[in-house]
Amino acid sequence: MATTRPHPTPLLAVAALSAATAIALTRVFAHAQWLVPALVAALAPVAITWFAVAYRWSARTAILVIAYGGAWWSAIVVHPDRTIAHVIPTLPGLGVWLRGVLDTPHVLRTAVVPVPPVGNALQLALGALWLSAAGAAWSAAKHDGVLAAMLPDFAMFIAIAALGKGPYLATTTLWCVAAVGFLLAEHATATFRSRTAFQTTGTRRSRLVTGGAFAAVAAVMFGAVVGPRLPEAESAPLINYKHFGNGNQNTQIVDISPLVGIGDKLRQPRATALFTVTASAPARWRLMALDDFDGAFWGLHNTTTASTLTPGIDHPGANGALHTLVTQTYAIGPMSGKFLPAAYQAVRNSGITNLVVIPDSATLVVPDENHQGLHYDVTSNLVGASPDTLRALPEVTPTDDAIIENLALPARLSPLVRAEAQRVVRGATNEYDKARLLQDYFRDPARFRYDQAVDLSESSDAMVTFLFHERRGFCEQFAGTFAAMARAVGLPTRVAVGFQRGTLTSSSPDHSTYTVTTKDAHAWPEVYFPRIGWVGFEPTPQRYDYDSPGDPSGTKANAPPYAGGGGQPGTATTTSTPTTGGTKTTSVSPPKHLPNLEVTPPRSGRTTSANQRSGAAWLLVTGIVLGALAAAVGGIAGVQFARRWRRSHASSARARVSGAWTQATEELARRDIRRRPSATAVEFAMREAPAAGAGAAGPARLELAQLQTAARYAIEDPADADADRAWECADAIGEALRAATPRRERIRQRFGLTRRSPRGGAPHTGGQSSSGRLNPRGSTA
């Protein structure tokens, strides 16, 4: 097949720009194993586009090949276990890939930077890189518009810069260098095309390209080296978009739910120590409880206006409740977010001056998202009961808003989930047995298995997929699905998020110290029992509740030694009341008031959910990208207007005539009607332009060519009247061309999106060409 090879310089420059965009993802992803696949996603579309243009593929064929290539690459990189020989995706693999595409809004809403390079987040990044590189390469190879070729990578880089965090200087400098290189490459290519054959035989360089390269390097180096050292360079931004949607001071608690980051923490190849805690007894270090389920997301629902906290039981020390008072001292490491860990239920604290408390769950919140280096003390009252005690309790009778809210389910929850919940608890005669049947249902190895590699979105469809198809997951799936099914059978339930006790690093008779890492991240459901309070269960296979008084989940009895350190080091002040099993200990009531916990009541009865915050952040990123595009489009229009005004108001009549000629030839060039450098102005007006489809503006074009020739070669300057007439001719040419061009095509031409002529062929944009073809409008030159 005959080929028409595109000029390689612009495509190489686009490849460099796309590669710089891929490298900018270091501000989003953790570690570096994603870099090679990302670079392939940035460079492969450029190579495919070059081949498609060289062999004159149809646009439809090229688009299909590029789209399939992007889907194939992201599928085999992200889901290699669902491929044949790591080359051909299987049908289940394609289904998982498609769910990942549909899960894009969820990923953008919930991903917490730095994002582990796995699952749907990596699939989204590879797909976006592939599409932006393909769009840039196609525009560079098939169109004259420099802006069109830069916009895809520019928009991708802006989105990365808005969402990423960490050092930005190196990636921004690299991208700017690549962008300048692309502009210079486009200029050099345009200069090469405009030369006649005898002009291109030497090694002569464009002085503008050489000078532009030096100027660009100097500008980028100044910005990278001197810019950050200027006064006020490191000051606070005028508009801090990073905190957009954070509410009004401390009146609303707004943060991304810790639940969305558990999978990312567990899948990190290396564990990162987050904090150490020295405690009188081990416990699960809880961040918060999520009580609002909308069918797609577990979030924080409401706060109260109480000025003090009360214990999580109605009658302390009665009804068989067991209590363990645990003192804790925390040293926080590289943690982010607004929530602080503490064993549930916190009753006293010291060391935190700006603490906000969510009373229902004793969740500790601080305004500052970065609390690395923070030290504080907490005393907590762990509440539990034996299984027999919980079986003897009366059924839940919703009498207050808190219980009603923890029974709420959205209408869009799948009927299959509701029916399965009813089937699992069939035959249970009390609330505790319902919870245990649900827990044992998930812990049954014949039904479900633990798998950290699962990446399911939080939606009702994903819940159906988890229950009836995948049947594998980690704590996020097990805890969230347990809670939804428990509510479906009338159990007030919420999802607790935090950490297992961690690894024992030192021990004494009174206290033990634990190091808690990302691998200890965990989620578990809590069920409300009258006169006892919130009791934790453990539906996640291979996970055990070692620390709740009375072992209400029943998972501790047959559990192996705790993997983090084994045994139960340290002592605790344990109190209880007689249970149905006959255990007798001394009863001590926990405190009813918490004078050291300062509560800032919210103005509204509902906190802003993570959906609202991340939705606002997504709107902000979209606004930044659209604003950048609008600024670029407005900048082009402003440059074109300023250029025309400067030409039409030149200081001499000769310069004004020359400006009118330049204006007209640029208007013709937008329609791919270009003058050969060897042709005179009159030859271009009489022969070349009509042959390329510009016959409608013939008289004005010929008159302007004659005025241009006279102004250029006459000894005396032309009269002002001649200059005015030249601009009238230029305007007439523009009007004639616009009248003969559809509106959509005019917009493309205005912003440099016109189709290029084949290299070495005659220019052609409508009209009857030298080959005798008619333009789409059916008119002839």
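What you are looking at is a predicted structure, and each value in this text was computed from that prediction instead of being measured.

Colleague: Just to check I follow, could you spell out the overall build of the protein for this structure?
Modeller: Within the protein, the secondary structure is distributed over 22 helices and 21 strands. Burial analysis of the protein (781 residues in total) assigns 50% to the buried set. Residue pairs in contact within the protein that sit at least 24 positions apart in sequence constitute 75% of those at least 6 positions apart. Total accessible area on the protein stands at roughly 35700 Å², and carbon and sulfur atoms take up 60% of it.

Colleague: I keep staring at the sheet that holds strand S9 (residues 342–343) and nothing clicks. Help me out?
Modeller: Each strand in a sheet pairs with another by means of backbone hydrogen bonds, the pair being arranged parallel or else antiparallel. Overall, antiparallel pairing links the five strands, which are arranged S9-S4-S16-S19-S20 in an open sheet. Strands with a single pairing partner mark the edges of an open sheet, and in this sheet they are S9 and strand S20 (533–536). Looking at chain direction, strand S4 (residues 285–290) and strand S16 (residues 493–499) are connected through five bridges and run antiparallel. The partner of Ala289 across the bridge, within S16, is Ala496.

Colleague: Would you take a moment to explain the sheet that holds strand S11 (residues 356–358) for this structure?
Modeller: Taken in spatial order, the three strands line up as S8-S12-S11 in an open sheet, and their pairing is antiparallel. Every other strand in the sheet has two partners, leaving strand S8 (339–340) and S11 as the edge strands with one partner each. Bridge count between S8 and strand S12 (residues 363–365): two bridges; the pairing is antiparallel. Across the sheet, the residue bridging to Leu340 is Leu364, located in S12.

Colleague: Please explain the side chain of Arg436 as it appears in this structure.
Modeller: With respect to the helices, strands and loops of the structure, Arg436 is situated in helix H14 (residues 431–443). At a separation of 2.7 Å, a polar atom in the side chain of Arg436 contacts the side chain of Tyr432. For Arg436, the contacting residues outside a window of four places in its chain are Phe537, Pro552, Ser553 and Gly554.

Colleague: Which parts of the structure should I look at to understand the packing of aromatic side chains?
Modeller: For any pair of aromatic rings, the description consists of the separation of the ring centres together with the inter-plane angle of the planes. Inspection of every chain in the model, using the stated rule, returns 26 aromatic pairs. When the centroid spacing of 4.9 Å and the interplanar angle of 15° are considered together, the rings of Tyr330 and Tyr376 count as stacked. Within this pair, whereas Tyr330 is found in strand S7 (residues 322–332), its partner Tyr376 is found in strand S13 (residues 375–384), the two being separated by 46 residues in sequence. An angle of 35° between the planes, with centres 5.4 Å apart, marks the rings of Phe448 and Phe466 as tilted.

Colleague: Help me understand the pairing of strand S3 (residues 273–279), please; the structure alone is not making it clear to me.
Modeller: Successive side chains on a regular strand alternate, one facing one side of the sheet and the next facing the other. Here six bridges tie S3 to strand S18 (residues 512–517), and the two strands are oriented antiparallel to one another. If you follow Ala279 over to S18, its bridge partner there is Ser512. As judged from the five bridges shared by S3 and S7, these two strands associate in the antiparallel manner. By the bridge assignment, Thr276 is partnered in S7 with Ala331.

Colleague: Sorry if this is basic, but what is going on with the environment of Thr363 here?
Modeller: Relative to the helices and strands, Thr363 is located in strand S12. On the accessibility criterion, Thr363 (1% relative accessible area) is buried. Distance from Thr363 to Pro341, taken between C-alpha atoms, is 8.3 Å for residues 22 residues apart in sequence. Beyond its immediate chain neighbours, meaning those up to four positions away, Thr363 contacts Leu287, Met288, Ala289, Phe339, Val356, Val357 and Ile358.

Colleague: Explain the nonpolar core to me, please; I cannot follow it from the model alone.
Modeller: A general trend in soluble globular proteins is that nonpolar side chains are found buried together. Core analysis: the biggest nonpolar cluster contains 84 residues, and Phe275 and Trp285 have the highest contact counts within it. The biggest single contributor to this core is helix H16 (residues 475–488), with nine residues. Phe275 has contacts with Trp285, Tyr330, Ala331, Ile332, Gly333, Met335, Pro341, Phe499, Tyr514, Thr515 and Val516, leaving out every residue within four places of it along the chain. Grouped together as the second largest cluster of nonpolar side chains are 45 residues, Leu17, Leu25, Ala42 and Ile160 included.

Colleague: When you look at the pairing of S16 in this model, what are you seeing that I'm missing?
Modeller: Counting buried residues in S16 gives seven out of seven residues, a clear majority hidden from the surface. Bridge count between S16 and strand S19 (residues 521–529): seven bridges; the pairing is antiparallel. When the sheet's bridge partners are listed, Gly498 is paired in S19 with His522.

Colleague: I would appreciate a short explanation of the confidence of the model for the protein in the present structure.
Modeller: The predicted model of the protein has a mean per-residue pLDDT of 74, with 68% of residues at 70 or higher. Within the protein, strand S21 (residues 573–576) has the poorest average pLDDT of any element, 39, and H14 the best, 94. Across residues 195–204, where pLDDT falls below 50, the model places eight contacts with residues more than four positions away in sequence or in other chains. Here residues 302–317 scores under 50 on pLDDT; set against residues more than four positions off or in separate chains, the count is 53 contacts.

Colleague: Help me out: how do you make sense of the packing of helix H1 (residues 8–23) against helix H2 (residues 35–54) in this one?
Modeller: In a pair of packed helices, the angle between the axes and the distance between the axes together describe the arrangement. Where H1 meets H2, the axes come as close as 9 Å, and the angle between the chain directions of the two elements is 160°. The orientation of H1 with respect to H2, classified from their angle, is roughly antiparallel. Every pair of crossing elements has a handedness; the one defined by H1 and H2 is right-handed. Side by side, H1 and H2 meet where Leu11, Val14, Ala15, Ser18, Ala19, Ala22 and Ile23 of the first sit next to Leu35, Ala38, Leu39, Ala42, Leu43, Val46 and Trp50 of the second. Counted by class, the contact of H1 with H2 contains 13 nonpolar, one polar and no charged residues.

Colleague: Help me understand the environment of Trp72, please; the structure alone is not making it clear to me.
Modeller: Checked against the element boundaries, Trp72 lands in helix H3 (residues 59–78). Remark: the alpha-carbon pair of Trp72 and Ile88, spanning 16 residues in sequence, is separated by 8.0 Å.

Colleague: Help me out: how do you make sense of the pattern of salt bridges in this one?
Modeller: When the charged atoms of two side chains with opposite charge come close together, those side chains can pair. Enumeration according to the criterion identifies 18 salt bridges in this entry. Here Arg284 ties to Asp545 by a salt bridge, and the two come within 3.4 Å at their closest N and O atoms. Note that Arg284 is positioned in the loop between S3 and S4 and Asp545 in the loop between S20 and S21, a separation of 261 residues in sequence. Through salt bridges that share partners, Arg82, Asp451, Glu470 and Arg472 make up one connected network.

Colleague: Any chance you could explain the side chain of Thr513 here in plain terms?
Modeller: With respect to the helices and strands, Thr513 occurs in strand S18. Among the polar contacts made by the side chain of Thr513, one reaches the side chain of Thr278 at a distance of 2.9 Å. Ignoring any residue separated from it by four or fewer positions in sequence, one finds Thr513 in contact with Val277, Thr278, Thr503, Leu504, Thr505 and Ser506.

What counts and how
Residues numbered from 1 in each chain as written. Predicted model: local features only at pLDDT ≥ 70, side-chain atom pairs only at ≥ 80, totals over all residues. Heavy atoms only, no water. Helix = DSSP H or I, 4+ residues; strand = E, 2+ residues; numbered from the N terminus. Buried < 20%, exposed > 50% of the residue type's maximum accessible area, 1.4 Å probe, protein only. Contact = heavy atoms within 4.5 Å. Areas by Shrake-Rupley, 256 points an atom, 1.4 Å probe, with all protein chains shown as cover. Pairing = 2+ DSSP bridges. Polar contact = N/O pair within 3.5 Å; in protein donor to acceptor, adjacent residues only side chain to side chain. Phe/Tyr/Trp six-rings, centres within 6.5 Å; stacked < 30°, edge-to-face > 60°. Core = buried A, V, L, I, M, F, W, Y, C linked by side-chain atoms within 4.5 Å. pLDDT = per-residue confidence, 0-100. Axes fitted to C-alpha atoms, helices over the stretch in contact; angles between N-to-C directions. Parallel < 35°, antiparallel > 145°, perpendicular 65-115°, else oblique. Left-handed = near helix turned anticlockwise from the far one by under 90°. Nonpolar A, V, L, I, M, F, W, Y, C, P; charged D, E, K, R; others polar. Salt bridge = Lys/Arg side-chain N within 4 Å of Asp/Glu carboxyl O.

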